[in-house]
Amino acid sequence: MAVSATSSTDPAARRPGYRRLPVQQRREQLIAVALELFAARPPEEVSLDDVAEAAGASRPLVYRYFAGKQQLYEAALRSAAEELAGRFTVPPDGTPTEQLSAVLDRYFDFVAEHHTGYGALLRGGSVVETARTGAIVDEVRRAALRRTVRHLGVREAAGPRLTLLVRSWISVVEASALSWLDEGRQIPPESLRDWLLDEFVVMTAATALHDPQTAEVLSRLLAQEGPDGRAPRLAARLQQLLA
């Protein structure tokens, strides 16, 4: 039988200002508090006692919802992953590169908010990293791949070269974000975003030389950008540089 979150046996219930919350709401509160702590410190440095104290709850109450820190960490990571995946939604207005720019802005906002805990997992080596936590992060990458391919106007199955292009660019974005954090965010995020957008255009052009499907994608992208869009301007600058 499930134990109610409002049980009078919870010592925290006797604390001044304690709020009795429904079961699901209390669980979500603990996850939100854990996310804040994991964002500020590496996961292995956060204990259940830390979560309980920050949430104004008791350790036994935390254990009612989570068997241990590993389960809480996975729940917090899954919540963060769902939030991050939600930021991949492409806005309806703008050219393709303007839309992708908005997605990158939201991505880097997320990276800044969850820098320590999420960054530790992406780098690997955390004592709380497991196959399940790795699968959660991999699903975020797969969601980014699917949405980027759809953003490029590909309705049929993406071929191996186009898939490799998008996966490679996602890896560049991820590695750049981690390096950006490691180096103290010296590069303004909007400058880093613009550089990554240029990389995407250049990588797409290079892949188009070897893959008809990517060539079609590039042609469609350039048509949607118009003569004054980001991609044509980049092409003109590169032509001057190479000349």
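Residues numbered from 1 in each chain as written. Predicted model: local features only at pLDDT ≥ 70, side-chain atom pairs only at ≥ 80, totals over all residues. Heavy atoms only, no water.

### Focus on the pattern of salt bridges
- In the structure shown here, the tally under the stated rule is 13 salt bridges.
- Residues Asp-49 and Arg-59 are paired through a salt bridge, measuring 2.9 Å at the closest nitrogen-oxygen approach. Taken together, the positions of Asp-49 in helix α2 (residues 48–55) and Arg-59 in helix α3 (residues 59–65) put the pair 10 residues apart, joining distant regions of the chain.
- Close ionic contact of Arg-141 with Glu-174 constitutes a salt bridge, the shortest N to O distance being 2.8 Å. Of this pair, Arg-141 sits in helix α7 (residues 131–151) while Glu-174 sits in helix α8 (residues 160–182), placing them 33 residues apart in sequence.
- Salt bridges here are not isolated pairs; linked through shared partners, they connect Asp-105, Arg-193, Asp-194, Asp-198 and Arg-230. (Salt bridge = Lys/Arg side-chain N within 4 Å of Asp/Glu carboxyl O. Helix = DSSP H or I, 4+ residues; strand = E, 2+ residues; numbered from the N terminus.)

### Observations regarding helix α9 (residues 189–208)
- Its 20 residues place the ends of α9 28 Å apart at the C-alpha level, agreeing with the 28 Å of an ideal helix rising 1.5 Å per residue.
- Taken together, the buried positions of α9 are Leu-192, Arg-193, Leu-196, Leu-197, Asp-198, Glu-199, Phe-200, Val-201, Thr-204, Thr-207 and Ala-208.
- Its buried side turned inward, α9 meets α5 (96–113), α7, α8, α10 (212–225) and α11 (230–242). (Expected span 1.5 Å × (residues − 1). Buried < 20%, exposed > 50% of the residue type's maximum accessible area, 1.4 Å probe, protein only. Contact = heavy atoms within 4.5 Å.)

### Considering empty space enclosed by the protein
- One pass over the full model with this rule turns up 3 cavities of 30 Å³ or more.
- What lines the largest cavity is a set of 20 residues, and nearest its centre among them are Phe-88, Tyr-107, Ala-144, Ile-170 and Val-173.
- Among the elements of the structure, α5, α6 (115–123), α7 and α8 are those that each provide at least two residues to the lining of the largest cavity.
- Residue composition of the lining of the largest cavity, grouped by class: 15 nonpolar, 2 polar and 3 charged. (1 Å grid on protein atoms, 1.4 Å probe; cavity = no way out; pocket = protein on both sides within 12 Å on 5 of 7 lines; lining within 4 Å. Points joined across faces, edges and corners; volume = space filled by probe spheres on them. Nonpolar A, V, L, I, M, F, W, Y, C, P; charged D, E, K, R; others polar.)

### Description of helix α4 (residues 69–86)
- Between the first and last C-alpha of α4 there are 26 Å, a value that for 18 residues agrees with the 26 Å anticipated at 1.5 Å per step.
- Buried residues of α4: Leu-72, Tyr-73, Glu-74, Ala-75, Ala-76, Leu-77, Ala-80, Ala-81, Leu-84 and Ala-85, and no others.

### Here we look at the confidence of the model for the protein chain
- Summing up the model confidence of the protein chain, the mean pLDDT is 83 and the portion of residues at 70 or higher is 85%.
- Per-element mean pLDDT across the protein chain ranges from 66 in α6 up to 95 in α9.
- The low-confidence segment residues 1–18, where pLDDT is below 50, has 32 contacts with residues more than four positions distant or belonging to other chains. (pLDDT = per-residue confidence, 0-100.)

### Re the side chain of Gln-99
- Relative to the elements of secondary structure, Gln-99 occurs in helix α5.
- There is a polar contact of 3.0 Å between the side chain of Gln-99 and the backbone oxygen of Pro-91.
- In terms of polar contacts, Gln-99 uses its side chain to reach the backbone carbonyl oxygen of Pro-92, at 3.4 Å.
- The residues contacting Gln-99, other than those within four sequence positions of it, are Val-90, Pro-91, Pro-92, Asp-93, Gly-94 and His-151. (Polar contact = N/O pair within 3.5 Å; in protein donor to acceptor, adjacent residues only side chain to side chain.)

### Examining the environment of Leu-100
- Examined against the element boundaries, Leu-100 turns out to sit in helix α5.
- Classification of Leu-100 by relative accessible area gives buried; the value is 7%.
- Distance in space between the C-alpha atoms of Leu-100 and Thr-89 is 9.5 Å, their sequence separation being 11 residues.
- Sequence-distant contacts of Leu-100, that is, excluding residues within four places in its chain, are made with His-151, Trp-169, Leu-197 and Phe-200.

### Looking at the layout of surface pockets
- Estimates place the volume of the largest pocket at around 150 Å³.
- Forming the boundary of the largest pocket are Val-201, Val-202, Ala-205, Leu-218, Leu-222, Ala-231, Leu-234, Ala-235 and Leu-238.
- Mapped onto the lining of the largest pocket, the elements with two or more residues apiece are α9, α10 and α11.
- In terms of residue count, the dominant contributor to the lining of the largest pocket is α11 (4 residues).
- The class makeup of the residues in the lining of the largest pocket is 9 nonpolar, no polar and no charged.

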